[in-house]
Amino acid sequence: MAEAARANSQLDRPLVCKQSEQAAGDRRLDFSVAAVLPAGGSGERMGTATPKQFCPLLQRPLISITLERFERVHWIKEIVVVVSKQNFELMNSIIQHYGHSRAIVVEGALTRHQSIFNGLKAFVVNQPHKSWLEKPEVVIIHDAVRPFVEEDILLRVAIAAKEYGAAGAIRPLVSTVVATNPEGYLDHSLERAKYRASEMPQAFTFDIIYRAYQQCTDYDFEYGTECLHLALKYCGTSAKLIEGPPDLWKVTYKRDLYAAESIIKENLSKNVCIFTGLQEEAVQLGCFLQEALQLVMEQVDMLKWSLNKESQCIQAISSGLYYNFICININNFDLPQEIVQLVESIEKAKLSALYPAVVTVVHLNNLEPASLCIRMEDFTNIRELAKKANQKNILVYRLLINYTQDMNEVQESAKQGASIIDSLTKQRSPALTGQLFVV
């Protein structure tokens, strides 16, 4: 009973944002900022027919994930995406499908620098059939295939660019850089401690970088890759270099796609929300699951199931904080109405339009009623629901836990169940939807 009382106190706790999210919402800049994302590459090194910026990660194009990161940053007003002519319509369809309201597509050119210049021109040259863009004071340039950029580094380079004219992220060199002679032998090597790898994002006052591109030679456009160098060469602006975090890496090879997908899955699996009914057994099990999951997840909340418009359940689903949900039901092995309502609410909130959402239905089998007998056909309807939900990017899994009067046994079963739930949320495998796992 003490456990149930503690669980009820958790159920009544209001939902709160993470401290980092609150801090991000309070950030304000006294100058205007826009971004240019070059995305015109062919993906030759990727070795796939699809350019890497359009390769799917959890069924979502990589470039859409990068755009999402930028659109989380409220002080970046416009985001210009530069793509090749043949991918122009594809990019527009991605923007429409995923609701990237601040993104504008511009046609690129044959080389990286020419494409970036085209992106900058969108702020000073009238674009046909497009609304006029206001020239920003600072512009951030970032590769579309670096999807894990955070607001902190964007803020730091933007502020530094405003003060110094140009700024860019750097990282320590991983390998020693060597020079070879014409015969292919070692000529000399650089002292690694003195050098850094230039990364993205980079930021500039708009007038400096635009003036630099206006003075570029054909050689610069053809062979150049470093924007900071152009600001130094043509405007005499020495960039402020800022140590960046390790997650600025660029998706270049096919193996990088697997690594990126793994990171996204890891991030999605950090938070979970448990929904219970009012039955004491459900609350008790929810408490045990919460305790076990808190050892492997960052945030585990537990709420009484309610579809009232002002309910915390609706807030939790629509907040975007959770992509994992657990619904506990007792001795109902057909299709509990709350499961149908939960799936419908996730779809209505458009949560699964961005990433796959996971719903784990925990069937609590009370062993005390001797007459109760579970038949596999009892699960037919929920299995059909799982198939339909899978088409909407909602992954429904099922877990059966037996309930006895021995609380030690129930707690041990909850620990085992939590381990299965943790594994399912991390894997996010569509092949396992509708499957029944038994503790």
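As the structure is a computational prediction, the values presented were derived from the model and not from experiment. (Residues numbered from 1 in each chain as written. Predicted model: local features only at pLDDT ≥ 70, side-chain atom pairs only at ≥ 80, totals over all residues. Heavy atoms only, no water.)

Trainee: Sorry, what's going on with the overall build of the protein chain here?
Mentor: Each helix and strand in the protein chain was counted, giving 15 helices and 17 strands. Sequence separation of at least 24 residues holds for 78% of the intrachain contacts in the protein chain that already meet a minimum separation of 6. In the form shown here, the protein chain has an accessible surface area of approximately 21300 Å², with 50% of it arising from carbon and sulfur atoms. (Helix = DSSP H or I, 4+ residues; strand = E, 2+ residues; numbered from the N terminus. Contact = heavy atoms within 4.5 Å. Areas by Shrake-Rupley, 256 points an atom, 1.4 Å probe, with all protein chains shown as cover.)

Trainee: I tried to follow the pairing of strand S14 (residues 324-330) on my own but got confused; where do I start?
Mentor: Successive residues of a regular strand alternate their side chains across the two faces of the sheet. Most of S14 sits out of view: 7 of its 7 residues are buried. Examined bridge by bridge, strand S12 (residues 271-276) and S14 share 3 bridges and lie parallel to one another. What sits directly across from Phe275, in S14, is Cys327. As defined by bridge partners, S14 adjoins strand S15 (residues 357-366) across 7 bridges and the pair is classed as parallel. Counterpart to Ile330 in the pairing with S15 is Leu364. (Buried < 20%, exposed > 50% of the residue type's maximum accessible area, 1.4 Å probe, protein only. Pairing = 2+ DSSP bridges.)

Trainee: Help me understand the packing of aromatic side chains, please; the structure alone is not making it clear to me.
Mentor: In this description, a pair of aromatic rings is defined by centroid distance and the angle of the planes. Within this structure, the stated rule accounts for 12 aromatic pairs. Both rings, one in Phe117 and one in Tyr213, keep their centres 5.6 Å apart while their planes meet at 15 degrees; by these two values the pair is stacked. One end of the pair, Phe117, is in helix H5 (residues 112-121); the other, Tyr213, is in helix H7 (residues 206-214), with 96 residues separating them in the sequence. Ring centres of Tyr323 and Tyr355 lie 5.8 Å apart, and the angle between their planes is 80 degrees; on these two criteria the pair is classed as edge-to-face. A residue pair is termed long-range when its members are at least 10 positions apart, and Tyr323 in the loop between helix H12 (312-318) and S14 and Tyr355 in the loop between helix H13 (337-348) and S15 qualify at 32 residues. Using a relative accessible area of 8% as the deciding quantity, one classes Tyr323 as buried. According to the relative accessible area criterion, Tyr355 is buried, its value standing at 6%. In this arrangement the basic side chain of Arg60 is found over the ring face of Tyr355, its NZ or CZ atom lying 4.9 Å from the centre. Between the NZ or CZ atom of Lys121 and the centre of the ring of Phe117, over which it lies, the distance is 4.4 Å. (Phe/Tyr/Trp six-rings, centres within 6.5 Å; stacked < 30°, edge-to-face > 60°. Lys NZ or Arg CZ within 6 Å of the ring centre and 35° of its normal.)

Trainee: Before we go on, may I ask you to explain the packing of H5 against H7 in this structure?
Mentor: Two quantities define a packed helix pair, namely the angle between the axes and the distance from one axis to the other. Contact geometry of H5 with H7 gives a least axis separation of 10 Å together with a crossing angle of 130 degrees. Classified by the interaxial angle, the pair formed by H5 and H7 is oblique. Considering only the axes of H5 and H7, their crossing is left-handed. Each of His113, Ile116, Phe117, Leu120 and Lys121 in H5 lies in contact with H7, whose residues at this interface are Phe206, Ile209, Tyr210, Tyr213 and Gln214. For the contact of H5 with H7, the per-class residue count stands at 7 nonpolar, 2 polar and 1 charged. (Axes fitted to C-alpha atoms, helices over the stretch in contact; angles between N-to-C directions. Parallel < 35°, antiparallel > 145°, perpendicular 65-115°, else oblique. Left-handed = near helix turned anticlockwise from the far one by under 90°. Nonpolar A, V, L, I, M, F, W, Y, C, P; charged D, E, K, R; others polar.)

Trainee: Can you walk me through the nonpolar core in this structure?
Mentor: Nonpolar side chains in soluble globular proteins generally cluster together in the buried interior. Residues Ile264, Phe275, Phe325, Leu342, Ile346 and Val396 are the most contacted members of the largest nonpolar core, which totals 41 residues. Ranked by residues supplied to this core, first place goes to H13 with 5 residues. Counting residues in hydrophobic clusters, the runner-up holds 38 residues, among them Val83, Ile94, Ala103 and Ile153. (Core = buried A, V, L, I, M, F, W, Y, C linked by side-chain atoms within 4.5 Å.)

Trainee: Help me understand the pairing of strand S6 (residues 138-141) in this model?
Mentor: Judged by which residues are buried, S6 turns out to be covered on both faces: Val138 and Ile140 on one side and Val139 and Ile141 on the other are all buried. Of the pairings in the sheet, the one linking strand S1 (residues 33-38) to S6 comprises 4 bridges and is parallel in character. Each bridged residue has a counterpart across the sheet, and for Ala34 the counterpart in S6 is Val139. Sheet analysis places S6 next to strand S10 (residues 196-205), joined by 4 bridges and oriented antiparallel. Note that in S10 the partner of Val139 across the bridge is Phe204.

Trainee: In this structure, what is going on with the sheet that holds S14? I would like to understand it.
Mentor: Whether parallel or antiparallel, the strands of a sheet pair through hydrogen bonds between backbone atoms. The strand order across the open sheet built from 6 strands is S13-S12-S14-S15-S16-S17, with neighbouring strands paired in parallel fashion. Strands at the two margins of the open sheet, each flanked by one partner only, are strand S13 (299-304) and strand S17 (436-438). Neighbouring strand axes in the sheet, compared pairwise and without regard to direction, differ in orientation by 20 degrees on average. The strands touched by helix H11 (residues 280-293) are S12, S13, S14, S15 and strand S16 (394-403); relative to S14, the strand with the most contacts, the crossing angle is about 150 degrees. Across the sheet, H13 lies against S12, S14, S15 and S16, angled at about 165 degrees from S14, the strand it touches most.

Trainee: Looking at this structure, how should I read the sheet that holds strand S7 (residues 166-172)?
Mentor: Spatially, S5-S4-S1-S6-S10-S7-S11 is the arrangement adopted by the 7 strands of the open sheet, whose pairing is mixed. The two strands at the open ends of the sheet, each matched to only one other strand, are strand S5 (103-107) and strand S11 (240-243). The average angle at which neighbouring strand axes cross in this sheet is 25 degrees, direction not considered. As judged from the 4 bridges shared by S7 and S11, these two strands associate in the parallel manner. The residue bridging Gly168 from the neighbouring strand is Leu241, located in S11. Running over the sheet, H5 touches S1, strand S4 (76-83), S5, S6 and S10 and is turned about 145 degrees from S1. Helix-sheet contacts for helix H9 (residues 227-235) involve S6, S7, S10 and S11, and the interaxial angle to S10 is about 60 degrees.

Trainee: What is the right way to look at the environment of Phe325 in this model?
Mentor: Looking at the secondary structure, you find Phe325 in strand S14. Spatially, the C-alpha atoms of Phe325 and Thr360 are 6.3 Å apart, while their sequence positions differ by 35 residues. Leave out the neighbours within four places in its chain, and Phe325 touches Val272, Cys273, Phe275, Ile317, Leu342, Ile346, Leu351, Val358, Val359 and Thr360.

Without other data, these values stay purely geometric and don't point to any function.
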